[in-house]
Amino acid sequence: MESPARARRPAGARQVAALPRAGIAGASIDPRFSADGRRRRGGQPAAFMNDSRTPMLSKKLVELAANLSKRLSYGRLRYYQDDPRAIQERILRRILKENRDTTFGREHRFAEIKSYEDYRARVPIRTSAMYLDYLQRVYRGERNVITREDPYYFAMTTGSTGDYKYIPITVSSRKEVSRSILAFMHLLEKSYPVIQRHSVQFLVGNGDGGHSPAGVPQGFVSGFNYKNLPKAITRRFLIPYWVFTLSNPHDCYYAMARFMIDADDLVAIGAISPLKIINVAKSILANSGKLAADLRQQSLSLSPENQSRTHGLRFRLQPEKLAALEDFSERLRQGEDPCPVALMGVLFNRLQIFVTWSGGNMSYSLMELQRYFGKKDLYEMPFSASEGTFSVPHQANAKGGIAAITGHFLEFIPEDQIDLDRPEVLPVWALEQGKTYYQVVSTMGGMYRYNMEDLVLISGFEGKVPVLEFLSKRARQVSINNERITEKDVTDVTSAVCSQLGVRFDHFIFFPTQERFYRLVLDRDLPNMQEFLGEVEAELRRISMGYNWERAGLSLLPLRASVVDRDALAAYVRSRQFKSNLLSGQFKPIHLSNVFNGDQEFPVVKEYKLEDACNGQTIEA
């Protein structure tokens, strides 16, 4: 690998190196945990201790350190925007050097790799399925398999489908992620300075998922991060971590709502998926009477098995919010269907910003979010997974983010070459605007040329660094006859038609069939269902070139729709979003299935089919 063109470090780089390791608030999570997941007392960095144990460290100093770490992380990202190759090759050299003596490093002769070209030649691209054996060996406790460092946590993830995978988190992989997250936080606070002065709340998953066979803690990494963040950040949060560990989802969402409603200065709510925020709103509406009683009594009512968790809690008396809940509850009892936006405006009277994913198949969920809360500003959550963080969102009310070039080593496969035995693979500095690619990552966590199977669009550039917009998981792309419909396609189409006709569904899923048509499964009927189905067909043909081509050639038949039992469809969605009682922070909507004729498992209420526009006749399968 050639030396970077710039010999000097970016401004601030030496200061970062001189600061105590992990002592900057938010710089990284301290990895020194005992087998039961508790933080060890010996040698703890000051920023990770409770304020009561650090009397010499003022809150002001901690805040200054946190703000400094954010600015420096963003400064490093900005410095390399005109020369991404320099920092990317430096990251690759570090990955290879640190892990050359691992089992994987010896198998692929890391010690002999001198350039990026060598790396491409020695290390094949692998999908998660191909990587599974390495991951399982690490999870069982085998050391030095893919990283020199032992993992201190396993992030549980299912990806789009399948059983849990356990992604090892190491000190160094956590630092990679922290560089991008801190840069993101700096840009978010720069766009919305009000965040620095008021309460914010991130909704996360349960980080306490037990232990690996070797005794290493495991769970959803968003929850693990939440409970181990420094006081400089968590002092502005409203919800105690134990709420996210409640196995009863009704209690969990109700408690989230109760703690947030108790504040009068909540300005931002963040969640990886907007569905998490929507579920909080649904809990409020479904329990408006119970919530009014809790506000009146300044209490929190949970199910009997969890009520003891509320011992000693005392909430504030809030007459205006109580009156709004009582009025809403009374109108429901009288058979009205009151608009939730006015109620949410009173309960969350300072709320300005949602921080959440907006790309991929989230368009319908974002429309639902607006239906509950009204129009709010939206700031994209970083494009990330348990394996790492891959973009740094940089603009409000815009999709995508700057490629996280200071974190991991990033490569990309052109979409039209993904099925080739030897596709062209491009580094992040060689991409073209307007093109679509599948992302491949290499990390200090032992992922080497790991195909994330995430399809991204290059929507622009910041300097010479591409802006990545997530489109779809490859597993959420379906073909009956090579049309390659994505979940984003069907979600955007349905969102647009629902908005146009003023209709909505709680759940809808497109299923491919062996009879050569897609069946749209819906949880409610419409008086104008034929019009709705016709508009969906027309819009899908407009935005999906592959679908339009196959339809024009009569290789595919027109859409059909089935109105099915509402509870059965809701249960189907829940069973695929939640693989266990451990609540996730990033479950995703399900709008496209790759199970052929999977629609047949639902009790059908009514069916609809379109006439083919080619000849005006209904085409029978």
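Below or above, wherever it landed, is the structure these notes cover. Residue positions are given per chain, counting from 1 as you read along its sequence in written order. The model is predicted, so local features are restricted to residues of pLDDT at least 70 and side-chain atom pairs to those at 80 or more, both for listing and for counting; the totals for chains, interfaces and linings are taken over all residues. In computing side-chain properties, one takes all heavy atoms of the structure into account and sets aside hydrogens as well as water.

## Here we look at the packing of aromatic side chains
So, step 1. For Phe, Tyr and Trp, where Trp contributes only its six-membered ring, two rings pair if their centres lie within 6.5 Å, and the inter-plane angle classes them as stacked under 30 degrees, edge-to-face over 60, or tilted in between. Going through the model one piece at a time under the given rule, you end up with 35 aromatic pairs.
So, step 2. Here the aromatic rings of F184 and Y379 are separated by 6.0 Å at their centres, their planes lie at 55 degrees, and the arrangement is tilted. Residue F184 is located in helix α7 (residues 171–191), and its partner Y379 is located in strand β7 (residues 377–380); the two are separated by 195 residues in the primary sequence.
So, step 3. To sort residues, take the accessible area from a 1.4 Å probe on protein chains only and compare it with the maximum for the residue type: under 20% means buried, over 50% means exposed, and anything in between is partly exposed. Residue F184 is classed as buried on the basis of its relative accessible area, which comes to 4%.
So, step 4. Y379 gets classed as buried once you look at its relative accessible area, which sits at 0%.
So, step 5. Taken together, the ring pairs in this structure connect F104, F110, Y131, Y134, Y448 and Y450 into an aromatic cluster. For helices the rule is a DSSP run of H or I covering at least 4 residues; for strands it is a run of E covering at least 2, with both sets numbered from the N terminus onward.

## Observations concerning the packing of helix α14 (residues 340–347) against helix α15 (residues 363–373)
So, step 1. In this analysis, axes come from line fits to C-alpha atoms, helices being fitted only over the stretch in contact, and the angle between any two N-to-C directions falls in the range 0 to 180 degrees. At their nearest, the axes of α14 and α15 sit 6 Å apart, and the two run at 70 degrees to each other. Looking at the two axes, α14 sits roughly perpendicular to α15. Contact with α14, carried on its side by P340, V341 and M344, involves Q370, R371, Y372 and F373 of α15 and no other residues of that element. Any angle from 65 to 115 degrees is called roughly perpendicular, while one under 35 is roughly parallel, one over 145 is roughly antiparallel, and all others are oblique. Every residue pair with non-hydrogen atoms within 4.5 Å of one another is taken to be in contact.

## Digging into the side chain of S442
So, step 1. Mapped onto the elements, S442 comes out in strand β14 (residues 436–442).
So, step 2. N or O atoms closer than or at 3.5 Å make up a polar contact, with two conditions inside protein: a donor-capable atom paired with an acceptor-capable one, and, for residues adjacent in sequence, both atoms drawn from side chains. Side chain to side chain, S442 and Y119 meet in a polar contact 2.7 Å long.
So, step 3. Engagement of the side chain of S442 in a polar contact is seen with the backbone nitrogen of R449, the distance being 3.0 Å.
So, step 4. In this structure S442 touches I95, Y119, H408, F409, E411, M447, Y448 and R449, once residues within four positions along its chain are discounted.

## Examining unusual backbone geometry
So, step 1. For E453, which is not a glycine, the phi torsion comes out positive at approximately 60 degrees.
So, step 2. In this fold, E453 is placed in strand β15 (residues 450–462).
So, step 3. Judged by its relative accessible area of 22%, E453 falls in the partly exposed class.
So, step 4. In this structure, R516 takes a positive phi of about 75 degrees despite not being glycine.

By themselves, these observations are geometric and do not establish any function.
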